[in-house]
Amino acid sequence: MDQDFSKPQKQSATGVIIMFANNLQKVIRAVALPLIFIVLKSKGNYGIEFILGISFLFLLLLAIYAWFSYQQFSFFLDEDKQEFVINEGIFNKSTLTIQLNKIQQVNINQSLLQQIIGVYSLDIDTAGSEKKEASIKAIDHLTATRLKQRLLSERDPITTTVAVATPKPMLKLSNATLLKVGITSNYGASILLLMGFIFGLIQFFKDYTALFEVETTEIYAELSQGFGFISICFFIGFALIVVLGTNIIRTFIRYFQFQIIRQKGALAISSGLLTRKNTLLTPKKVQLSAYSQNYFQKKLGISNMKVKQAAYGTADEEESKKSHIEIPGCNEPERQDILKMIYDQIPQKGKALIPNYRFLFLQIMLKIVGPSVLSCFFAFAVYQPLQPYLALLIPYAILVLILLYFEYKHHRLYANQGFIIKKSGIWDITEEIIEIHKIQAITSKQYFWHKKADVGHLLLHTAAGVIHFKYGNYSQINNLVNYWLYQLERTKKDWI
Amino acid sequence: MQEFTNDPIDINLLPQFQEVPLNSLSPKYWKIVVINMGIFMAVTTIGIIFLLLFNAEIKKYTGLIIGAYLVLMVLMFLLYRADVNRRGFAVREKDIIYRHGLIAISTTIIPFSRIQHIALDEGLFSRMYQLGQLRIFTAGGNSGSLHIPGIEIEEARQIKELLMRQISLQD
């Protein structure tokens, strides 16, 4: 069974509702504040009937508008020119034409409203810096998947037959895994969120006391009295629970029912609790893949993967974020499956490059010696009451030293015939993998005082970011650069 | 089927990018740097003169300020000189090399097959001396691009032509 996309066709009939809702949302966003202001200012000069009447008229107008925009919206596939065309607009008619070979991703998404009505939206992302993104807001699932496959099979439009039965997912995350992921990752982001919340609370508290002219000093005095050891413990425990709680909730909202389905040489990834997000991952467009694991995750046997597709050249932040796909909580076999899917093999680590001990030297100067000297100077010459606190420098120095040591220990570069793997991190240990032919440019760098020691740095520029290896053996680095250049310039493989 | 070989390669026999003799920038480029520095000096000198004329309190330190300023300028002059002297570029069969930097000397290499587009800029002063700046862009964003100033305009055009030809050969 094949569907004909070559004739212009409209969206699902329920699309009117979506368009109506979208327009309503836009209008409300634009006029809500001034409207409330006007209503408050007029102080009920107009009766409730008047306001209701105006609102009804307004909704009617919007509904008519939605109906017409639904009528005017059509899309079709031009097989001869290999183009996908969208016509829309009531007063200003516009035609959007997308060449099929420019299409990078086709996403099928569903918002809450769309879930209720039972339709999907189909978004088309194109490569290139020009912003030309198309979106069909209401389409049923069967049509959407068919259209998606047609759009992505640019080369052989006739031979494409669509398998309607969805194949078994190659990776599916259970709720237990999500819970594990939530507990063990993203502490930083959640702590930031929590801090924002606490500061917001403090600000609110201040405003509140200012507003009601409460005697603040009393409250602060009581607060500091009751701030004993137990309450601090309680507070830390509470903060921990809140951080973990937000982490788990965030993880569930983003990755609920996360699954990966193998689809004609590509991976279709879908996840999400409130809105289901679908993305398509094409192996040859992958520029860099990374996986990270911390101590707890290692014990639980899970790791977070990140796959980056070409990001530069796309105009805005939003766009480049979309091209990064995160796969949380996969275990070792699943990770290997995905890597095999992307690279046709599991990248093996080659010989390791180990950074020179000078890696630590500058960091120690900057993060331990410098601050210590500064604070000693400050405490003795400027502000004497600070002196008793100088002892705190010792635990600080020990902590930073331990962190730096771990950073040094994890900073490694592995290179073999096809792959470069860079390992780094202090707590979350990340391994970034790139294929040699994905390199765009190579920089080798040396400070002039490192010439004798034969120490230098390496920067590999890719379309998904820079890989930076510091304080390596410079002649070794240069040898590798020569080897990679040889590979790069010999290969017929393109980077995208 | 093409002839297929897979002999082991000796890394030491590969072309060594670090041993390629580099073309230094055109000596005329130094003049442009001097002109730019001169403009900068003129502006700052006027600023300092005004400061000394209208602020009575600083007047006591006139000698110190002028001394420090002169030292700074000489230092700047020397650093720029060393910087320009160190820069160099080379076009090989399959890639382009650019070395620059004073404290950290970095060498960036872009294979022709990874070049996205090329721009040739002529500034006001560089036109006076028939010089141009080549900018070579890759998909690696800003960090993966090259800006080579101070090339003789004719040579720059030739390099651009050559690179363009190489790019179109790739497709």
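Residues numbered from 1 in each chain as written. Chains lettered and ligands numbered in written order. Predicted model: local features only at pLDDT ≥ 70, side-chain atom pairs only at ≥ 80, totals over all residues.

### Some points on the overall build of chain B
Part 1 of the argument: A count of helical and extended segments in chain B gives four helices and seven strands.
Part 2 of the argument: Mapped in sequence order, the helices and strands of chain B form the string β-α-α-β-β-β-β-α-β-β-α.
Part 3 of the argument: For chain B, the C-alpha radius of gyration of 22 Å lies well beyond 16 Å, the compact-globule estimate for 171 residues.
Part 4 of the argument: In terms of its C-alpha atoms, chain B occupies a principal-axis envelope of roughly 85 × 35 × 30 Å.
Part 5 of the argument: The long-range fraction of contacts in chain B, counting pairs at least 24 apart against all pairs at least 6 apart in sequence, stands at 50%. (Helix = DSSP H or I, 4+ residues; strand = E, 2+ residues; numbered from the N terminus. Rg over C-alpha atoms; globule rule 2.2 N^0.38 Å. Contact = placed C-beta atoms within 7 Å.)

### Topic: the overall build of chain A
Part 1 of the argument: For chain A, the count of helices and strands is 14 helices and 20 strands.
Part 2 of the argument: Excluding contacts between residues fewer than 6 apart, the proportion of contacts in chain A whose partners are at least 24 apart in sequence is 60%.

### Regarding the sheet that holds strand β2 (residues 83-88) of chain A
Residues and elements named next belong to chain A.
Part 1 of the argument: The strand order β1-β2-β3 describes an open sheet built from three strands, whose pairing is antiparallel. Edge strands, defined here as strands with exactly one partner in the open sheet, are β1 (74-78) and β3 (94-99). Direction aside, the axes of adjacent strands within the sheet are offset by 15° on average.
Part 2 of the argument: Bridge count for β2 against β3 is six bridges, and the pairing is antiparallel. Bridge pairing in β3 places Glu88 opposite Ser94. (Pairing = 2+ DSSP bridges. Axes fitted to C-alpha atoms, helices over the stretch in contact; angles between N-to-C directions.)

### A closer look at unusual backbone geometry
Residue and element names in this part refer to chain A.
Part 1 of the argument: Here the phi dihedral of Gln257 falls at roughly 50°; this positive angle occurs in a residue that is not glycine.
Part 2 of the argument: Along the chain, Gln257 falls in the loop between α8 (229-255) and β8 (259-263).
Part 3 of the argument: Phi is positive for Asp344, close to 70°, though the residue is something other than glycine.

### Structural notes on the interface of chain A and chain B
Part 1 of the argument: With 26 residues of chain A at the interface, the matching set in chain B holds 25 residues.
Part 2 of the argument: When residues of the side of chain A that touches chain B are traced back to their parent elements, those giving at least two are β18 (439-447), β19 (455-462) and α14 (474-490) of chain A.
Part 3 of the argument: Looking at which element gives the most residues to the side of chain A that touches chain B, the answer is α14(A), with nine residues.
Part 4 of the argument: Sheet analysis places β18(A) next to strand β4 (residues 104-111) of chain B, joined by six bridges and oriented antiparallel. The partner of Tyr447(A) across the bridge, within β4(B), is Ala104(B).

### Some words on the nonpolar core
Part 1 of the argument: Core analysis: the largest hydrophobic core is formed by 51 residues, its most contacted members being Ile442(A) and Trp484(A).
Part 2 of the argument: Residues in contact with Ile442(A), not counting those within four places in the same chain, are Leu460(A), Val481(A), Trp484(A), Leu485(A) and Ile109(B).
Part 3 of the argument: Core analysis: the second largest hydrophobic core is formed by 38 residues, Met19(A), Tyr70(A), Leu152(A) and Met305(A) among them. (Core = buried A, V, L, I, M, F, W, Y, C linked by C-beta atoms within 7 Å. Buried ≥ 20, exposed ≤ 12 C-beta atoms within 10 Å, placed from the backbone.)

### What to know about the domain arrangement of chain A
Part 1 of the argument: What the domain assignment reports for chain A is domain 1 (15-152) and domain 2 (351-490).
Part 2 of the argument: Each of domain 1 of chain A and domain 2 of chain A has a C-alpha centre, and these two points are 49 Å apart. (Domains from an automatic or database assignment.)

### Focus: the domain arrangement of chain B
Residue and element names in this part refer to chain B.
Part 1 of the argument: We note that the domain assignment places domain 1 (27-83) and domain 2 (88-170) within chain B.
Part 2 of the argument: Spacing between the C-alpha centres of domain 1 and domain 2 amounts to 32 Å.
Part 3 of the argument: Listed per partner, the contact involves eight residues of domain 1 and seven residues of domain 2.
Part 4 of the argument: Secondary structure elements with two or more residues in the side of domain 1 that touches domain 2: α1 (27-54) and α2 (62-86).
Part 5 of the argument: Per-element accounting of the side of domain 1 that touches domain 2 gives the leading share, five residues, to α1.
Part 6 of the argument: When the residues that make up the side of domain 1 that touches domain 2 are grouped by side-chain class, the tally is five nonpolar, no polar and three charged. (Nonpolar A, V, L, I, M, F, W, Y, C, P; charged D, E, K, R; others polar.)

### Quick look at the environment of Arg127(B)
Part 1 of the argument: Structurally, Arg127(B) can be placed in helix α3 (residues 124-128).
Part 2 of the argument: Separated by 26 residues in the primary sequence, Arg127(B) and Ile153(B) place their C-alpha atoms 8.5 Å from one another.

### Description of the sheet that holds β18(A)
Part 1 of the argument: Read from one edge to the other, the open sheet built from seven strands follows the order β20(A)-β19(A)-β18(A)-β4(B)-β3(B)-β2(B)-β1(B), with strand pairing classed as antiparallel. In this open sheet, the two edge strands, each paired with only one partner strand, are β20 (465-473) of chain A together with β1 (23-24) of chain B.
Part 2 of the argument: In terms of strand pairing, strand β3 (residues 95-100) of chain B meets β4(B) through six bridges, oriented antiparallel. Paired with Ile96(B) across the two strands is Ile110(B), which belongs to β4(B).
Part 3 of the argument: The strands that α14(A) touches are β18, β19 and β20 of chain A together with β3 and β4 of chain B; relative to β18(A), the one it contacts most, it runs at about 165°.

### Let's talk about the pairing of strand β6 (residues 131-138) of chain B
Residues and elements named next belong to chain B.
Part 1 of the argument: β6 sits mainly inside the fold: six of its eight residues count as buried.
Part 2 of the argument: Note that strand β5 (residues 115-121) and β6 share six bridges and pair antiparallel. Looking at the pairing, Ile115 lines up with Thr138 of β6.

### Regarding the pairing of strand β15 (residues 412-415) of chain A
Part 1 of the argument: Because side chains alternate across β15(A), one face comprises the buried residues Leu413(A) and Ala415(A), and the other comprises Arg412(A) and Tyr414(A), none of which is buried.
Part 2 of the argument: Remark: three residues form the turn of the hairpin made by β15(A) and strand β16 (residues 419-424) of chain A, two consecutive strands paired antiparallel.

### Concerning the environment of Met170(A)
Part 1 of the argument: Along the chain, the position of Met170(A) falls in the loop between α4 (141-152) and β7 (171-172).
Part 2 of the argument: Excluding residues that lie within four positions of it along the chain, Met170(A) makes contacts with Ile260(A), Ile261(A), Arg262(A) and Asp337(A).

### Section: the packing of helix α12 (residues 358-382) of chain A against helix α13 (residues 393-410) of chain A
Residues and elements named next belong to chain A.
Part 1 of the argument: Their axes nearest at 10 Å, the elements α12 and α13 cross at an angle of 165°. Between α12 and α13, the interaxial angle falls into the category roughly antiparallel. Crossing of α12 against α13: the hand is right-handed. Residues Phe359, Leu360, Gln363, Ile364, Lys367, Ile368, Ser372 and Ser375 of α12 form the contact with α13, whose participating residues are Leu393, Ala397, Val400, Leu401, Leu404 and Tyr408.
Part 2 of the argument: Among the residues forming the contact of α12 with α13, the class breakdown is 10 nonpolar, three polar and one charged. (Parallel < 35°, antiparallel > 145°, perpendicular 65-115°, else oblique. Left-handed = near helix turned anticlockwise from the far one by under 90°.)

### Topic: the confidence of the model for chain A
Residue and element names in this part refer to chain A.
Part 1 of the argument: Per-residue pLDDT for chain A averages 80, and the proportion of residues at 70 or more is 86%.
Part 2 of the argument: Element-level pLDDT for chain A is lowest in helix α10 (residues 317-322), with a mean of 54, against a maximum mean of 94 in β19.
Part 3 of the argument: Within the model, pLDDT remains below 50 along residues 313-317, and this stretch shows nine contacts once partners closer than five positions in the same chain are excluded. (pLDDT = per-residue confidence, 0-100.)

### What to know about the packing of α1(B) against α2(B)
Residues and elements named next belong to chain B.
Part 1 of the argument: Their axes nearest at 11 Å, the elements α1 and α2 cross at an angle of 165°. Taken together, α1 and α2 sit at an angle that is classed as roughly antiparallel. Crossing angle aside, the handedness with which α1 passes α2 is right-handed. Across from Tyr29, Trp30, Val33, Met37, Met41, Ile48 and Leu52 in α1, the residues of α2 making contact are Thr62, Ile65, Tyr69, Met73, Met76, Phe77, Tyr80 and Val84.
Part 2 of the argument: Taken together, the residues that form the contact of α1 with α2 break down as 14 nonpolar, one polar and no charged.

### Side note on helix α11 (residues 332-343) of chain A
All names here are of chain A.
Part 1 of the argument: When the terminal C-alpha atoms of α11 are compared, their 16 Å separation across 12 residues agrees well with the 16 Å that a helix rising 1.5 Å per residue should span.
Part 2 of the argument: The secondary structure elements touched by the buried residues of α11 are β7, β11 (286-293), β12 (303-309) and β13 (324-330).
Part 3 of the argument: Just downstream of α11, Asp344 is the residue with a positive phi angle, here 70°. (Expected span 1.5 Å × (residues − 1).)

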